[in-house]
Amino acid sequence: MLASPNLAADARSLGRTRIKRLVSSCGIEAWFVKDSTVPLITMEYAFTGGATQDPAQKPGVGHMVSGLLKEGSGDFDFRTFHQRLDRRAIELGFHVTPDHFRGALCTLQDNADEAFDLLRTALTSPRFEPADVERTRATVLARLRHASTDPSSLAHRKFLEVAFGDHPYARPTEGSLESVPKIEVADLKSYVRRVIAKDTLKVAIVGDVNPAVVCNLLDKTFGGLPSNAEAVPVAEVIAAKPPQRVFIPVDVPQTVVTFGGPSVRRSEPDFMAAYIVNHILGGAGLTSRLFREVREKRGLAYFVREHLLWLNHSAIFLGSSGTCADRAGQTVEEIEKQVRHIAEEGPAQQELDDAKSYVKGSQQVALNTSSKLARTLLQNQIDKLPIDYFEKQNALVDGVTLEDAKRAAQRLWGEGLLTVIVGRSSSNAAQCTPMPTGTTPPPGADQPDAGPTTPAPAA
């Protein structure tokens, strides 16, 4: 995606004067930013529901739907649909999170009519041909078989089970080896009918197009959808209270540690303080306490990091680390030590100042392409933030005091951790060389475990 110099400008310029709230004649609302730097139109959108709307005994239905909507719709079979996308270089995709069925579209301005019409047919008349369903099912099952022996996947799934018990958030978004074979075409059609509807739709559009044209495209694309979704209510839930620890024996060279616990919801006043203090403990980059103390100083782990995850009906913090079996105990002890320390004493003033600077800078980077901007605008709508939030966010960051950060640290980590360890027992571990201190991690080592939600946007 091409970067736009205009979009890379100060986020405060993306306030009410640039972000327009559009409402089409069919009542479809969108947040829109006109950008003429390149002749592109980018749209991100979401329907409330997501994987929580899968039948309890058939997790993975929404995930399969997301893989099948591009496999043919209306009069277009699989091959014809993809040929039409490819000949116009139209990017069209769908994915499911626990709370939302999401989609993205990117097209050249000249191809907008065809691109949006293909999206319309995908949403309103998916074919779900048996051959396409079985091909998609086989792909999903292959990934699930791999995940069944992957320590990171096992740790993440077990963590969700421990944290959320019998709540829908504990169910795997992509399904399981037991549930996916049971999914029928009727389940897929039922999911589309119940979830994809106008009343829960949120849309963000960035591009070289006029507002009147946007409204026309919105009506043509989404106007024919059902007026109201038929979603099953989802209960509010607080993650299980720490401390708890689970060990899963798997004979693999690297032990994976996943840890977390209850967190602060996006709507709560303490959220910004929690977001900032979490960056101090385990955020991105090489300056977090966990990276410095666990990996850099002691060489205990190949990677270690942590992030906040906020959902419609809950919130958790979630971290992960990779080490060798004979250092796993020390790694967990050091992580718990650092968590206790920041919970009891909070951050230092310099750490807080540095974290504020990072957060404000990262918010600028989150807007430097049309796709990033559209994604952020959509997330702000999902989070029920005001349309002029870009104008306010730096002041919210600057307003976090040391006392606020200390209070948030105590709330996040005062009870300890839910911890899942997957790997060899230390007594049976083969010789393993830990990551030397002061070295660069291997490619991808500092990436978080793949989770069931979209990556958390800048606060």
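Residues numbered from 1 in each chain as written. Predicted model: local features only at pLDDT ≥ 70, side-chain atom pairs only at ≥ 80, totals over all residues. Heavy atoms only, no water.

Caption draft 1: Representation of the pairing of strand β11 (residues 418-423) in the model. Among the six residues that make up β11, six are buried, leaving the element largely enclosed by the rest of the structure. Side-chain alternation along β11 places Leu418, Val420 and Val422 on one buried face and Thr419, Ile421 and Gly423 on a second face that is also buried. Relative to β11, strand β7 (residues 244-249) runs parallel, the two sharing six bridges. The partner of glutamine 244 across the bridge, within β11, is leucine 418. The pairing of strand β8 (residues 254-262) with β11 spans five bridges and is antiparallel. Residue valine 256 lies in a different strand from β11, and its bridge partner there is valine 422. (Buried < 20%, exposed > 50% of the residue type's maximum accessible area, 1.4 Å probe, protein only. Helix = DSSP H or I, 4+ residues; strand = E, 2+ residues; numbered from the N terminus. Pairing = 2+ DSSP bridges.)

Caption draft 2: Focus on unusual backbone geometry. Note the cis peptide between proline 242 and proline 243, where omega equals -5°. Structurally, the position occupied by proline 243 is in the loop between α7 (211-222) and β7. Here phenylalanine 128, not a glycine, exhibits a phi torsion of approximately 50°, which is positive. Structurally, the position occupied by phenylalanine 128 is in the loop between α3 (112-124) and α4 (130-147). Given the relative accessible area of 6%, phenylalanine 128 is considered buried. Here lysine 384, not a glycine, exhibits a phi torsion of approximately 60°, which is positive. Mapping lysine 384 onto the fold places it in the loop between α12 (370-382) and α13 (389-398).

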